[in-house]
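This is what each chain is made of:
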Amino acid sequence: MPEVAIRSLPPVPQTEWIRALPPAMRFILHGDVGARSAAASAWGVAFAEQSCRAMMQAARATLWLGPDEYLLLSGIDGSEVAGDESQAAVAGALELALKGVPHALVDISHRQFALEVRGPHAAIILSGGCPLDLDLSEFPIGMCTRTVFAKADIVLWRTREDAFHVEVWRSFAGYVTGLLREIAMEFYGT
């Protein structure tokens, strides 16, 4: 079942302001500075030293979510398909690099999917359900955090001045996209 979920996206309307991002590999890594250092060599992306920041290299990213907790994303541009073999290879390389280092590495690829909310009204649309101040001065490019959108848990990452990467649990797909469409009607109509 997980492999089917990885390869299929929930139905998301493709519009000028929202789109589903390609399927990606996702891992949660818990570990101290030693674990981050060991994982970075296998992952190919540095880990942010500043809280609530993302680091990106090619199609991979690390997002700082909390003390000693990171979300690792791979294939966020669609270039690295999250198939069974490639996913097992990436997980194996990470586990090998982390051998002997206290850590927890969990594959969550099947649990969630990603949306891009973009355009001149992106921050305002997201603010309709997110309690954070998404003004560029308060939530700059590269900032990320775990938060809520109405009653759904999300991970929010500002990738550009006018674009956000939103990680959503699959079970909340209809709820989150429906609420986003409802809020966006003020700017984009139907």
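Provided above is the structure to which this section pertains.
Structural notes, computed from the coordinates. Every chain begins its residue count from 1, and numbering advances along the sequence as written. Note on the predicted model: pLDDT of at least 70 is required for a residue's local features to be given, and 80 or more for side-chain atom pairs to be given and counted; whole-chain, interface and lining totals, by contrast, use all residues. Only heavy atoms go into the side-chain values, all of them from the structure, while hydrogens and water stay out.

With that settled, the discussion passes to the pairing of strand β10 (residues 163-169). Buried residues are those whose accessible area, probed at 1.4 Å on protein chains only, stays under 20% of the maximum for their type, while exposed residues exceed 50% and partly exposed ones sit between those limits. Secondary structure elements are defined from DSSP: runs of H or I of at least 4 residues count as helices, runs of E of at least 2 residues count as strands, and each element is numbered from the N terminus. Burial analysis of β10 places 6 of its 7 residues in the buried class, which makes it a mostly covered element. Where strand β7 (residues 112-118) and β10 come together, 7 bridges link them in antiparallel fashion. The residue of β10 that forms the bridge with glutamate 116 is histidine 165. DSSP bridges decide pairing: two strands pair if at least two such bridges lie between them. Two elements, strand β9 (residues 152-160) and β10, share 6 bridges in a ladder whose sense is antiparallel. Paired with leucine 156 across the bridge in β10 is valine 166. Between β9 and β10, which pair antiparallel and follow one another directly, the connecting turn spans 2 residues.

This part takes up the sheet that holds strand β4 (residues 60-66). An order of β3-β4-β5-β2-β6 is seen for the 5 strands of this open sheet, with the pairing classed as antiparallel. Looking along the sheet, the strands with just one partner apiece sit at the ends: β3 (54-57) and β6 (104-107). Within this sheet the neighbouring strands show an average axis-to-axis angle of 20°, counted without direction. Throughout, an axis means a line fitted to C-alpha atoms (over the contacting stretch in the case of helices), and angles, computed between N-to-C directions, take values from 0 to 180 degrees.

So, on to the side chain of arginine 53. Looking at where arginine 53 falls in the secondary structure, it is placed in the loop between α2 (33-43) and β3. For the purpose of charge, His is not counted, nor are the chain termini; Lys and Arg are scored as positive and Asp and Glu as negative. Put simply, a salt bridge is a Lys or Arg side-chain nitrogen that is within 4 Å of an Asp or Glu carboxyl oxygen. Within the buried core, arginine 53 has no salt-bridge partner, and the shortest N-O distance to an opposite charge, that of glutamate 138, equals 9.4 Å. In what follows, a contact means two residues having at least one pair of non-hydrogen atoms within 4.5 Å. Those residues in contact with arginine 53, other than ones at most four positions away along the chain, are Ala48, Thr62, Leu63, Trp64, Pro140, Gly142, Met143 and Cys144.

Another point: the environment of alanine 46. Among the secondary structure elements, alanine 46 is positioned in the loop between α2 and β3. On the basis of relative accessibility, which here comes to 41%, the residue alanine 46 falls in the partly exposed class. Residues contacting alanine 46, with those up to four places away along its chain left out, are Met55 and Thr62.

Strand order in the open sheet formed by 5 strands is β1-β7-β10-β9-β8, and the pairing between neighbours is antiparallel. Strands with a single pairing partner mark the edges of an open sheet, and in this sheet they are β1 (18-20) and β8 (144-149). Averaged over all pairs of adjacent strands, the angle between their axes in this sheet comes to 30°, without regard to strand direction. Where β1 and β7 come together, 3 bridges link them in antiparallel fashion. Pairing of alanine 20 across the sheet is with leucine 115, part of β7. Running at roughly 5° to β7, helix α5 (residues 173-188) makes contact with β1, β7, β8, β9 and β10 of the sheet.

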